[in-house]
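Read off the chains here:
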Amino acid sequence: MSGSKALGGGAGSGARRRRTRCRRCQACMRTECGECHFCKDMKKFGGPGRMKQSCLQRQCTAPVLPHTAVCFACGEAGKEDTVDSEEEKFSLCLMECTICNEIIHPSCLKMGKADGIINDEIPNCWECPKCHKEGKTSKVRVRDAPRLACARGGAKGSRGNKIRNSKNQNQRTSVSSSSSSIPTSNGGGMASSGLLMSAMAASPCQPSRLAPRSQMMKRSPPAVPSPPRPVQMERHLVRPPPACPEPSCLLLDCGSAHIMTRDAWLRVFTYLSQRELCVCMRVCRTWSRWCCDKRLWTQMDLSRQRSITPPMLSGIIRRQPVSLNLGHTNISKKQLMWLINRLPGLLELDVSGCPWTSVSALCQAVCPCLKLLDLSRVEDLKDSHLRELLAPPPDESRAGRFQNMTELRLAGLDLTDAASRLLVRHTPHLTRLDLSHCVNITDQTVRNLTVSPLRESLTHINLAGCVKLTEQSVQLLQCCSALQTVDLRSCSLLSAESGQLLSFPFHSCVESKLLLHSSFDSEINISIYKVQQ
DNA sequence: ATTAACGTATCA
DNA sequence: TGATACGTTAAT
């Protein structure tokens, strides 16, 4: 059956309108990847065209009401473009209720608009005052979660179907995640709502109430107390915020705009820690939006968090970091897969100290942008796993999935010399390589690296604690023309003199330092640094 | 008329 | 329960 027949039983507004692309978000602006499951199904990519789904990289983050949508009360379209103030714009835009599906101008409501609960993640989406007053909120939240969540679809069919529908929705934003709801660390599927980042200690409020709307400078609690959180929280689609969160200024009680514009506030916010940003998010709805600006969250560090929770995951997606540290967490495979597939702009990922059973999620990920991957001390990571991770899938003759990686950290792994051949073959742009404390690698690894094109690109190499390395390695490293830093500390077979063999060949090298120190009486540690002016 | 793809039914 | 199929809607 089609979604068009999805009538709100007792909902009053009739057929639910199907949402459509905004055509403006980053996802909408992308071209089809041609590689994902859904692209491969498309006729244009040689598939049968049965699935009829959009490319996974092109999942709209802000699906809009169709432009044929009209107000249930007055029959007219959205008229927000005819006015200037935020307040008036809201009154005259079309809002779709996630519970009864009714689309209406808030100004056309007889009962007043202040008790509606706006869904910040999707344009023109709220729980209308009528439904809210009738107390439908929490019950519906559990059972009709799909519609609440993604503002698409949702026939009033059987309960089971509704749950499954939500899954379909979420699958659209993942490549191969087996779970659509936000996964819990134990692999379960329970999700929670909101932007909360409990990992960041402070919990930003869910700024979804209308009532404090005209008093945004005040730190005020929500005017309407939140309904008690249901035991099973809704599953929903997590969307990143727009690139420049609206509005552009704060409105004061008198109706004029506060002298500090969004851009000015954003400059102030750049001086705050992530913890402080979370506090600011509780001030008001506008600040909450502004503080979600991804420019404030380019780096997110959740390392050593005891558990990675669904709110943390949605918080990460909302902020779209460029650099993400998940080192030494208990993140599950499902969670990692869910995350990675929703962070198309991720450049740096740290999963050091996590179990390979979780990290193996990367084997199914599409992250062509990734520049830095830290796999140090990943539990049970072997050569074969590295091959699985770096090599292209067997059915494709194309390049590996980390072709553009420039920095790889493999410290403390149980790798052999075979691993270096994988690096040479599948990470051709590597400039920084950390193999420290890989105690099984030998001179052969250094030979493999230095006879390959990597010889020209490697600038930093860490071989500290590789106890099988001999002076041969030191000699081999001499032919690396771009090398700036070599760490050979704790290589117990190397003598102080062998360090001197490493004469840096580049002209820019003004000084090479040979640091000798001894952390253990029985061991000579050599560290050689090139110091550039 | 054509294309894209949403939302739900159904399969495995 | 995840994967797949497909009628139908929205845009052009």
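Just so you know, these numbers come straight off a predicted model, no measurement behind them.

A.B. asks: Honestly, the pattern of salt bridges in this entry has me stumped. Any pointers?
C.D. replies: Two side chains carrying opposite charge are able to pair once their charged atoms lie near each other. Taken as a whole and judged by the stated rule, the model has ten salt bridges. Two residues, glutamate 96 and arginine 19, come together in a salt bridge whose shortest N-O distance is 3.0 Å. Highlighted residues: glutamate 96 in strand β1 (residues 95-97) and arginine 19 in the segment before α1 (26-29), separated in sequence by 77 residues. The residues glutamate 96 and arginine 19 share a single accessibility class, namely buried. Two residues, glutamate 102 and lysine 130, come together in a salt bridge whose shortest N-O distance is 3.1 Å. Placement of the pair is glutamate 102 in the loop between β1 and β2 (103-104) and lysine 130 in helix α4 (residues 129-133), with a sequence separation of 28 residues. Given the relative accessible area of 4%, glutamate 102 is considered buried. Each member of the salt-bridge network shares a partner with another, and the members are Asp374, Glu407 and Arg409.

A.B. asks: Help me understand the confidence of the model for chain A in this model?
C.D. replies: Low-pLDDT portions of the prediction should not be read for the details of their coordinates. Of all residues in chain A, 68% attain a pLDDT of 70 or more, and the chain-wide mean is 73. Scored below 50 in pLDDT, residues 505-533 shows 73 contacts in the model against residues more than four places distant or in partner chains.

A.B. asks: So what exactly am I meant to see when it comes to the nonpolar core here?
C.D. replies: The nonpolar side chains of a soluble globular protein tend to be buried, and buried together. Residues Leu373 and Leu375 are the most contacted members of the largest nonpolar core, which totals 82 residues. With five residues, the top contributor of residues to this core is helix α12 (residues 333-340). In this structure, leucine 373 is in contact with Leu349, Val351, Leu362, Leu389, Phe402, Met405, Glu407, Leu408 and Arg409, ignoring residues within four places of it in sequence.

A.B. asks: Just to check I follow, could you spell out the packing of helix α15 (residues 418-426) against helix α16 (residues 443-450) for this structure?
C.D. replies: Packed helices, taken two at a time, are described by the angle between their axes plus the distance between the axes. Interaxial distance between α15 and α16 falls to 8 Å at its minimum, and their mutual angle equals 15°. As judged from the angle between their axes, α15 and α16 are roughly parallel. Of the two possible hands of crossing, α15 and α16 adopt the one that is right-handed. Counting all contacts with α15, which are made through Ser420, Arg421 and Val424, the residues of α16 involved are Thr445, Asn448 and Leu449. Of the residues in the contact of α15 with α16, the class split is two nonpolar, three polar and one charged.

A.B. asks: Sorry, what's going on with the pairing of strand β14 (residues 485-488) here?
C.D. replies: For a regular strand, side chains alternate in direction, first toward one face of the sheet and then toward the other. Burial along β14 is two-sided: Thr485 and Asp487 facing one way and Val486 and Leu488 facing the other are all buried. Note: strand β13 (residues 460-462) against β14, three bridges, orientation parallel. Residue pairing across strands places asparagine 462 opposite aspartate 487, the latter belonging to β14. Once the chain exits β13 it traverses helix α18 (residues 471-477) before rejoining the sheet at β14, and the crossover so formed is right-handed.

A.B. asks: Where do I start with the packing of aromatic side chains in this structure?
C.D. replies: The geometry of an aromatic ring pair is captured by the separation of the ring centres together with the interplanar angle, meaning the angle of the planes. Inspection of the entire model under this criterion finds four aromatic pairs. Seen in terms of ring centroids, phenylalanine 90 and tryptophan 126 are 6.0 Å apart; in terms of plane orientation they differ by 75°. Their pairing is edge-to-face. Placement of phenylalanine 90 in helix α3 (residues 86-92) and of tryptophan 126 in strand β4 (residues 125-127) is noted, with a sequence separation of 36 residues between them. Tryptophan 126 matches phenylalanine 90 in its accessibility class, with the two residues each being buried. Measuring from ring centre to ring centre gives 6.0 Å for tryptophan 265 and phenylalanine 269, while their planes differ by 20°; the resulting arrangement is stacked.

A.B. asks: Before we go on, may I ask you to explain unusual backbone geometry in this structure?
C.D. replies: What you tend to see is this: most non-glycine residues have negative phi, and most peptide bonds are trans. Of note in the backbone geometry, asparagine 124 takes a positive phi value of approximately 55° without being a glycine. Summarising the element assignment, asparagine 124 is placed in the loop between β3 (117-118) and β4. Even without glycine at this site, aspartate 380 takes up a positive phi of about 65°. By the secondary structure assignment, aspartate 380 is in the loop between β10 (372-374) and α14 (383-390). Aspartate 380 gets classed as exposed once you look at its relative accessible area, which sits at 57%.

A.B. asks: Quick question: what am I supposed to make of the environment of alanine 464 here?
C.D. replies: Counting through the fold element by element, alanine 464 comes out in the loop between β13 and α18. Residue alanine 464 is classed as buried on the basis of its relative accessible area, which comes to 7%. The spacing of alanine 464 and valine 439 is 25 residues in sequence and 9.4 Å in space, taken between C-alpha atoms. What alanine 464 contacts, discounting residues up to four positions off in sequence, is Ser436, His437, Asp487, Leu488, Arg489 and Cys491.

A.B. asks: What exactly am I supposed to notice about the sheet that holds β1 here?
C.D. replies: Note: strands within a sheet are paired through backbone hydrogen bonds, in either parallel or antiparallel orientation. Strand order in the open sheet made by the four strands is β2-β1-β4-β3, with mixed pairing throughout. Across the chains shown, the open sheet's two edge strands, defined by having one partner strand only, are β2 and β3. Relative to β4, β1 runs parallel, the two being bridged by two bridges. Looking at the pairing, cysteine 97 lines up with tryptophan 126 of β4.

Parameters at a glance
- Residues numbered from 1 in each chain as written.
- Chains lettered and ligands numbered in written order.
- Predicted model: local features only at pLDDT ≥ 70, side-chain atom pairs only at ≥ 80, totals over all residues.
- Heavy atoms only, no water.
- Salt bridge = Lys/Arg side-chain N within 4 Å of Asp/Glu carboxyl O.
- Helix = DSSP H or I, 4+ residues; strand = E, 2+ residues; numbered from the N terminus.
- Buried < 20%, exposed > 50% of the residue type's maximum accessible area, 1.4 Å probe, protein only.
- pLDDT = per-residue confidence, 0-100.
- Contact = heavy atoms within 4.5 Å.
- Core = buried A, V, L, I, M, F, W, Y, C linked by side-chain atoms within 4.5 Å.
- Axes fitted to C-alpha atoms, helices over the stretch in contact; angles between N-to-C directions.
- Parallel < 35°, antiparallel > 145°, perpendicular 65-115°, else oblique.
- Left-handed = near helix turned anticlockwise from the far one by under 90°.
- Nonpolar A, V, L, I, M, F, W, Y, C, P; charged D, E, K, R; others polar.
- Pairing = 2+ DSSP bridges.
- Right-handed = clockwise from strand over helix to strand, strands pointing away.
- Phe/Tyr/Trp six-rings, centres within 6.5 Å; stacked < 30°, edge-to-face > 60°.

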